[in-house]
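Per-entry structural report
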Amino acid sequence: MKEKLKKYLHLIHSEKLIEGQLPKQSNLEKFEKWTKRLLQKNLKCS
């Protein structure tokens, strides 16, 4: 497990990972719906 961590440690602060991968409008809408469902589910459980 530690070997995998060492292998990818340099990627943690890499800006190259997010270049050109901005979320689309449809993805943002799906994320918004998902967060609302999650909040409602958590409120019902508590």
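Before reading on, note that the structure itself is shown above.
The text that follows walks through the structure, step by step, so that each part is easy to find. (Residues numbered from 1 in each chain as written. Predicted model: local features only at pLDDT ≥ 70, side-chain atom pairs only at ≥ 80, totals over all residues. Heavy atoms only, no water.)

Some words on the overall build of the protein chain
Rules: A run of H or I in DSSP counts as a helix once it spans at least four residues, and a run of E counts as a strand once it spans at least two, with each numbered from the N terminus. Exposure is judged per residue with a 1.4 Å probe applied to protein chains only, and the accessible area is read against the type maximum: over 50% gives exposed, under 20% gives buried, and values in between give partly exposed. The protein chains shown are the only cover counted for residues, whose accessible areas, like all others here, come from Shrake-Rupley with a 1.4 Å probe.
Helix and strand counts for the protein chain stand at two helices and zero strands. Among the 46 residues that make up the protein chain, the fraction classed as buried is 0%. Split by element, the accessible area of the protein chain, about 5300 Å² in all, is 60% carbon and sulfur.

With respect to the packing of aromatic side chains
The line we're drawing: A pair of aromatic rings is counted whenever rings of Phe, Tyr or Trp (Trp by its six-membered ring) have centres within 6.5 Å, and the orientation is called stacked for planes under 30 degrees apart, edge-to-face for over 60 and tilted otherwise.
This structure, assessed with the given rule, holds one aromatic pair. Aromatic side chains F31 and W34 sit 5.8 Å apart centroid to centroid with 35° between the ring planes, which places their arrangement in the tilted category. Separated by three residues within a single helix, F31 and W34 lie in helix α2 (residues 25-45), roughly one turn from each other. A residue is classified by how much of its surface remains accessible, and W34, at 41% relative accessible area, is partly exposed.

Let's talk about a positive patch on the surface
Defined as follows: Exposure above 30% relative accessible area and no salt bridge define the residues that can form patches, which grow by joining like charges within 9 Å and nonpolar side chains of Val, Leu, Ile, Met, Phe, Trp and Tyr within 5 Å. Salt bridge, as applied in this entry: a Lys or Arg side-chain nitrogen positioned within 4 Å of an Asp or Glu carboxyl oxygen. Positive charges are assigned to Lys and Arg, negative charges to Asp and Glu, while His and the chain termini are left out of the count. One atom stands in for each charge, and that atom is NZ of Lys, CZ of Arg, CG of Asp or CD of Glu.
A cluster of like positive charges, contributed by K30, K33, R37 and K41, occupies part of the molecular surface. Turning to its location among the elements, K33 is positioned in helix α2.

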